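What follows is each chain in one-letter form.
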Amino acid sequence: MQLFGIGLSALNAAQLGLSTTGHNIANASSAGYHRQEIFQSVQTPTLTGAGFVGNGTYVENIRRAYSQFLDGQVMEVEGVASYLTTYRSGMEQVDNLLGDAKSGLAPAQQEFFRTMQEVAANPASVPARQLLLSSTQSMVARFQTMDKRLEDLYIGSNRQIEDSISEVNALAKQIAELNKRVISAESNAGKLQANDLRDQREKLIADLNKIARTQVSVDSEGNYNVFVGTGQSLVVGPNASALKTQRSAENPQKLDIFATNGSVDVLIPPASLSGGRIGALFAYRDESLSIARSELGREAMVLANAINQQHQLGQDLQGNFGGAFFTVASPVTFSSTNNSSAAVMSATVGNYSQLVASDYRVTFTGVGAYSVTRLSDNTVFTGSPATVDGVNLSFSAPANAGDVFYLQPTVAGSSSLKALVTDPAKVAAALPLRTVAALANTGTAKLEVQSNSSTAGIPASGTMRTLTFNAGAYTSSVGTDTVALSGNTLTVTTAAGNVITMSVTGTPANGDTFNLDRNTGGVSDGRNAVLLGKIATTNLLNGGTTTLQGAYGQLVSLMGNKSRELKVTGEAQDTLLKNVTQVQQSFSGVNLDEEAARLIQYQQAYQAASKLILTAKQTLEEIFSVMR
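The rules behind the values
Residues numbered from 1 in each chain as written. Predicted model: local features only at pLDDT ≥ 70, side-chain atom pairs only at ≥ 80, totals over all residues. Heavy atoms only, no water. Buried < 20%, exposed > 50% of the residue type's maximum accessible area, 1.4 Å probe, protein only. Helix = DSSP H or I, 4+ residues; strand = E, 2+ residues; numbered from the N terminus. Pairing = 2+ DSSP bridges. Contact = heavy atoms within 4.5 Å. 1 Å grid on protein atoms, 1.4 Å probe; cavity = no way out; pocket = protein on both sides within 12 Å on 5 of 7 lines; lining within 4 Å. Points joined across faces, edges and corners; volume = space filled by probe spheres on them. Nonpolar A, V, L, I, M, F, W, Y, C, P; charged D, E, K, R; others polar. Axes fitted to C-alpha atoms, helices over the stretch in contact; angles between N-to-C directions.

(A) The arrangement of the pairing of strand β13 (residues 345–349) in detail. Residue alternation in β13 divides its side chains into a buried set, M345, A347 and V349, and an unburied set, S346 and T348. Examined bridge by bridge, β13 and strand β18 (residues 391–395) share 5 bridges and lie antiparallel to one another. Bridge pairing links M345 to F395 in β18.

Shown next, in the form of structure tokens:
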């Protein structure tokens, strides 16, 4: 009876509607789920003398509310949001470390120079000297502690990269397996789609994109093929490739990412991983952390060199020339493990004021010919330069074309910094020379040594030179000296290159003489400590344009600005993600109110279909009873 068929078709359609609605309600909070709907069509009617009579309905398909465009938008914005969140998390730690008003470097440097000024004011005071040594140790410890923390963050970023690659490989295997399951399920279903399997696969791809920026293509069979980096295949059909990390051939401190292509490992350039968590970890490690650590090391090296140079021009409490006050680190170099020659690169600092907080790559373009790339801004120095940014380069042998060397001029500056003066008596607060006016002088002039550029020619005791004033000029008892008077400043330059500067007060008379003597017993002399204290305000960095405190302030500002930039950009990206997700969910998400309404609709349809079947049954029974 036709009425039975119509009722059964309606009952089946309502039952599928109830099941699909229930499935939507059950997965309303499932990540990556797309709302499903049944699509009904009219059964082919039967032709009768009275016209075409309907035969009910059938469910043509159960489809997902899926928009490739909207889902693609969400995935793209999610990838950028993941990048910004990861980068921001790391930068906040660096910003807090460098900018802390109590534990940052600035307070320790200020205390060091303050106690140096105390020694200048009280050079014979052993407690003042001991306080200087104590503040010196504190400053050295601060440099080392901050460098160790930055190094730990660097190592931690490498570990996070390793963990992220493990996640990528696990997701790639799952995507490949779902490719296989989707194709298998749909091959037996004609044109029908395996909705839930497709949702799972797209959710995995979205999760993968949060870790590493991906490109996805769909082949003719419906497989999702996934690519990363510069087009390295990660998933092709039911097959997944694996990424791996290994130490950089150029710099063993770094981890690089490689894609396996048969028996060959292909390097994935960090720049190609610009989105997602991994891209953020590379940017954080290679840009911000490396720059912060190199800048900290640069300041340690410049400070140590400046203090050493001036301290070695002075005289300690025992009357000896000053020694080195600090250790000064040497540039770090690496030879690529892929080099074809045995050449080794060496580097020394020739000009500390020209140092730049950057790593460098030296690439040979031919035998003995090379270029140098400053990695902080990708500036290329061609023509095989022997000196780059104050660093002198040399090679043990001619390198071959293609050989690569890696240079870190200042990275070890903080970790290698140590205080060498531990005895208060060894602090060279005095200058080694003093002037003594002859008793027979008739003028009122007084000369006072302000500085000497070296210790060359300075005797262990006694007189070094005698200066005589006549006819408005001074002459030296040593004929090879050059003597110049400019205003109230008298300069004597010896043949050995020692430039001795003196201040002139009063008025000399013709024939007045002054002896330049060794400063024997000068325990109350703090002139060299004054010069050491002035280093705090001397422009020593960036080509002689920036002080130590100024350079550190620039570093704090750079890291702080980057952190704030990421915070503002990240908040804007989170807002954008919320907006595009709302648009996507309005199309694909489950609205429980709508589903509740559909539930009532299909329930009523089910009840009506049941009533229709009951009516058909009663009608048939009446027919059978008449026939009896």
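Next, the rest of the story.
(B) How the structure looks around the environment of G314. Secondary-structure assignment places G314 in the loop between α6 (276–311) and β12 (332–335). Judged by relative accessible area, G314 falls into the buried class, the value being 0%. As a C-alpha pair, G314 and Q232 span 82 residues in sequence and 63 Å in three-dimensional space. Setting aside residues up to four positions removed in sequence, G314 forms contacts with N320, F321, G322, A428, A430, P432 and N528.

(C) Molecular detail of empty space enclosed by the protein. Scanning the entire structure with this criterion turns up 1 cavity of 30 Å³ or more. Approximately 30 Å³ is the volume found for the largest cavity. Together, A212, V228, L243, I257, I268, L273 and I278 line the largest cavity. Of the residues in the lining of the largest cavity, the class split is 7 nonpolar, no polar and no charged.

(D) The sheet that holds β13, seen in detail. Taken in spatial order, the 3 strands line up as β13-β18-β17 in an open sheet, and their pairing is antiparallel. The open sheet has two edge strands, β13 and β17 (387–388), and neither has a second partner. The pairing of β17 with β18 spans 2 bridges and is classified as antiparallel. Pairing of V388 across the sheet is with V391, part of β18.

(E) Representation of the sheet that holds strand β21 (residues 446–452) in the model. The sheet built from 4 strands is open, its strands ordered β21-β26-β25-β24 with antiparallel pairing. The two strands at the open ends of the sheet, each matched to only one other strand, are β21 and β24 (482–486). Taking each pair of neighbouring strands and ignoring which way they run, the sheet shows an average axis angle of 25 degrees. Relative to strand β26 (residues 499–505), strand β25 (residues 489–493) is paired through 5 bridges, and the arrangement is antiparallel. Across the sheet, the residue bridging to V492 is I500, located in β26.

(F) Examining the pairing of strand β7 (residues 232–236) more closely. Looking at chain direction, strand β6 (residues 224–228) and β7 are connected through 3 bridges and run antiparallel. Looking at the pairing, F227 lines up with S233 of β7. Direction of pairing for β7 relative to strand β8 (residues 239–240): antiparallel, over a ladder of 2 bridges. The residue bridging V236 from the neighbouring strand is N239, located in β8. What sits between β7 and β8 in their antiparallel hairpin is a turn of 2 residues, with G237 showing a positive phi close to 60 degrees.

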